[in-house]
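Results of the structural survey
Now for the letters of each chain:
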Amino acid sequence: MSVYAAVDLGASSGRVMTARIDGERIDLTEVHRFANRPVRVGGTLHWDILALHRGVLDGLRAAGPVDSIGIDSWAVDYGLLDGAGRLIGNPVHYRDGRTAGVMERVVAELGADTLYQVGGLQFLPFNTVYQLLAEPGLDRAETLLMIPDLLTHWLTGSVGAEVTNASTTGLYDVRTGDWARDLAERLGLPAGILPELRRPGSPAGTLLADVAEETGLPGTTPVTAVASHDTASAVVAVPASTGRFAYISSGTWSLVGLELPKPVLTEESRLANFTNEGGLDGTIRYLRNVMGLWILQECMRTWGETDVAGLLDAAAQVPPFEAVIDPDDPAFLPPGDMPARIAAYCERTGQRPPQGRAQTVRCVLESLALAYRRTLRDAVRLSGQDVEVVHVVGGGARNALLCRMTAEATGLPVVAGPVEAAALGNALVQARAQGVVSDIRALVRQSEHLVTYMPEGGQEPWARAEERLPVR
Ligand code: LFR
């Protein structure tokens, strides 16, 4: 029996899980969960990075002795170290407004095509490259570390840039699998701050003496670079049994797309705003960021409501398609009063705003399912890869109403689960690196409880609802 610690940091909470693997099965246990509460200081929205490090240390203590440790988190954000290895300022949250207008300026200067040919990324205002151009601490910076690389550095002292997360920066060349140093220089960014790349499965050092003392773990405990972008880890754990599958990594964001052997960098793909992020073993995560359950989470925060099951039950009872929104409208990106923004969107587009909470939730879920329908159709068309099943992984796999709508809207069977895909993918990459596992997806299929939703209603109502959305 081998045991791995998977540290998985999400936008609202972090968790440390232990994964026990006996070659036939993997068993996950959550040993510690802690809040991840962004803090606004001096008008800037920050991550509380020391609280996250604290949570990691407490979680590792709770985990007890393990064969290896791996860390994954959301992408694009980073910390900068000075020449003495000290953190320059607190990492800024990608939903902060400091990047307003930066992407537009860079696109005007360099051309969208140049950027897409190199990075292959969806044009999102918070991609690391645009954040760096809005970064006051850059002149003192010697090293850029993405969030999981920074936390790994604090555990082991090692410095490196794990590739799946590096691929979300806009400064990584998706064609060559190396940093795009030329592009950085053209933008006036110091390419010297980009650390050496490391592939998922490679060693990232052993615990520093003070970390060993804090956690009660032996200093010889190895830390392994996993697919450190949480979405990459989640895709690793998609329990697909065919190559013809799509996935929706469903949490705060919905990452909707395909796994491909090569990037798609065509003009059509750029115009459809698809991303080509790096996955395990050189695969490409060809996907689109759909705003996701964030909109529902912010509605609930605004209402002071915590009973998600009750809301979903109520939403299932109200009439369909009263109002539809484009979840990717930039109005929904920053934190704030989402019900008011949904109402404003409806008024702007000549629709009657949802009349209550259940109606609002129904509107959000139907609009997400519509976005999935459009995105998957585009992904298939642009990549030429056919799809016969949609795997929904992550917390959203628990949302039966949304899974049912997704099956209907796409006309495809939806297989929901695992819920803890990112932690599973994290642990399984460690296990594979140690030779304990060979076929990751087969092991997930054997171990996890999956629920299938067949596309029961016809697609016509969805096609009609889609016509009410702006063409993109
Ligand atoms: C999901 C995710 C997405 C990324 C967004 C911001 O947790 O990692 O893949 O686009 O967060 O980093």
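Residues numbered from 1 in each chain as written. Predicted model: local features only at pLDDT ≥ 70, side-chain atom pairs only at ≥ 80, totals over all residues.

**Brief notes about the overall build of the protein**
Rules: By definition, any uninterrupted DSSP run of H or I lasting at least four residues is a helix, any uninterrupted run of E lasting at least two residues is a strand, and each is numbered from the N terminus. Between the two quantities, the radius of gyration covers C-alpha atoms and the globule rule is 2.2 Å times the number of residues to the power 0.38. Three exposure classes are used, all based on how many other C-beta atoms lie within 10 Å of a residue's own C-beta (placed from the backbone): buried at 20 or more, exposed at 12 or fewer, and partly exposed between those limits.
Of regular secondary structure, the protein possesses 18 helices and 21 strands. For 472 residues, the compact-globule formula gives about 23 Å, and the C-alpha radius of gyration of the protein, at 21 Å, lands near that figure. Each principal axis of the C-alpha atoms in the protein carries an extent, and together these give about 60 × 55 × 45 Å. A total of 472 residues make up the protein; the buried ones form 51% of that total.

**Here's the deal with the UniProt feature "domain: Carbohydrate kinase FGGY N-terminal" (unreviewed entry) in the protein**
Selection criterion: UniProt positions are given in the numbering used here, feature names are shortened, and annotations may be inferred rather than shown by experiment.
Within the UniProt annotation, "domain: Carbohydrate kinase FGGY N-terminal" (unreviewed entry) is assigned to residues 66-236. Along residues 66-236, the helical share is 33% and the strand share 17%, with 21 Å between the first and last C-alpha atoms.

**Quick notes on the environment of His 391**
What counts here: Once C-beta atoms have been placed from the backbone, residue pairs whose C-beta atoms lie within 7 Å are recorded as contacts.
Looking at where His 391 falls in the secondary structure, it is placed in strand β19 (residues 389-393). Judged by C-beta crowding, with 24 C-beta atoms within 10 Å, His 391 ranks as buried. Taking the C-alpha atoms as reference points, His 391 and Ala 240, separated by 151 residues in sequence, lie 7.4 Å from one another. In this structure His 391 touches Val 238, Pro 239, Ala 240, Phe 245, Tyr 247 and Val 415, once residues within four positions along its chain are discounted.

**Quick look at the sheet that holds β19**
Here is the rule we go by: Two strands form a pair only when DSSP identifies at least two bridges running between them. Geometry is summarised by axes, namely lines fitted to C-alpha atoms with helices restricted to the contacting stretch, and by angles between N-to-C directions that run from 0 to 180 degrees.
Taking strand neighbours across the sheet as the criterion, the seven strands line up as β17-β18-β16-β15-β19-β20-β21 in an open arrangement whose pairing is mixed. One side of each edge strand has no neighbouring strand; the edge strands of this open sheet are β17 (275-278) and β21 (451-453). Taken pair by pair, the neighbouring strands of this sheet meet at an average axis angle of 30°, ignoring direction. Here strand β16 (residues 254-260) pairs with strand β18 (residues 284-290) via seven bridges, running antiparallel. Following the sheet pairing, Leu 260 is matched in β18 by Ile 284.

**As for the UniProt feature "domain: Carbohydrate kinase FGGY C-terminal" (unreviewed entry) in the protein**
Residues annotated by UniProt as "domain: Carbohydrate kinase FGGY C-terminal" (unreviewed entry) correspond here to residues 246-433. Across residues 246-433, the secondary structure splits into 46% helix and 16% strand, with the terminal C-alpha atoms separated by 26 Å.

**Describing the packing of helix α14 (residues 357-383) against helix α18 (residues 460-467)**
As a reminder of what qualifies: Each angle receives one of four descriptions, namely roughly parallel if under 35 degrees, roughly antiparallel if over 145, roughly perpendicular if within 65 to 115, and oblique otherwise. Residue polarity is assigned by list, with Asp, Glu, Lys and Arg as charged and Ala, Val, Leu, Ile, Met, Phe, Trp, Tyr, Cys and Pro as nonpolar; anything else, Gly included, falls into the polar class.
Where α14 meets α18, the axes come as close as 10 Å, and the angle between the chain directions of the two elements is 95°. Between α14 and α18, the angle falls in the class roughly perpendicular. Here Glu 366, Leu 370, Arg 373 and Arg 374 of α14 lie close against α18, whose contacting residues are Trp 462, Ala 465 and Glu 466. Partitioned by chemical class, the residues of the contact of α14 with α18 number three nonpolar, no polar and four charged.

**So, the pairing of strand β15 (residues 245-250)**
Counting buried residues in β15 gives six out of six residues, a clear majority hidden from the surface. What you see with β15 is no split at all: Phe 245, Tyr 247 and Ser 249 on one side and Ala 246, Ile 248 and Ser 250 on the other are buried throughout. Alignment of β15 against β19, held across five bridges, turns out to be parallel. What sits directly across from Ile 248, in β19, is Val 392.

**Structural notes on the confidence of the model for the protein**
Operational definition: The pLDDT value expresses, per residue, how confident the predictor is, ranging between 0 and 100.
Per-residue pLDDT for the protein averages 97, and the proportion of residues at 70 or more is 100%. At the level of chain-chain contacts, confidence expressed as ipTM amounts to 0.98, with global pTM at 0.98.

**A closer look at the environment of Leu 57**
Here Leu 57 is to be found in helix α1 (residues 49-63). C-alpha of Leu 57 to C-alpha of Thr 169: the two residues are 112 residues apart in sequence and 27 Å apart in space. Those residues in contact with Leu 57, other than ones at most four positions away along the chain, are Glu 214 and Thr 215.

**Here we look at α1**
This is how it is decided: Helices are assigned an expected span. That span is 1.5 Å times one less than the residue count.
Here α1 is 15 residues long and its end C-alpha atoms lie 21 Å apart, about the 21 Å a rise of 1.5 Å per residue gives. Buried residues of α1: Leu 52, Gly 55, Val 56, Leu 57, Gly 59, Leu 60 and Ala 63, and no others. Looking at the buried positions of α1, the neighbouring elements they touch are β1 (2-9), β2 (13-21), β3 (26-35), β6 (68-73), α5 (147-156) and α8 (209-215). In the segment just after α1, Gly 64 is the residue with positive phi, at about 75°.

**Comments concerning unusual backbone geometry**
Note that the residue after Gly 417, namely Pro 418, is joined by a cis bond; omega there is 0°. Among the secondary structure elements, Pro 418 is positioned in the loop between β20 (414-416) and α16 (421-433). Here Asn 273, not a glycine, exhibits a phi torsion of approximately 60°, which is positive. One can find Asn 273 in the loop between α10 (267-271) and β17. On the basis of neighbour counts, which here come to 18 C-beta atoms within 10 Å, the residue Asn 273 falls in the partly exposed class. One non-glycine residue, Asp 281, lies in positive phi territory at about 55°. You can see Asp 281 is positioned in the loop between β17 and β18.

**Some details on the pairing of β3**
Direction of pairing for β2 relative to β3: antiparallel, over a ladder of nine bridges. Paired with Ile 21 across the strands is Ile 26, a residue of β3. Counting the residues in the hairpin turn of β2 and β3 gives four residues, including Gly 23, whose phi is positive at 95°.

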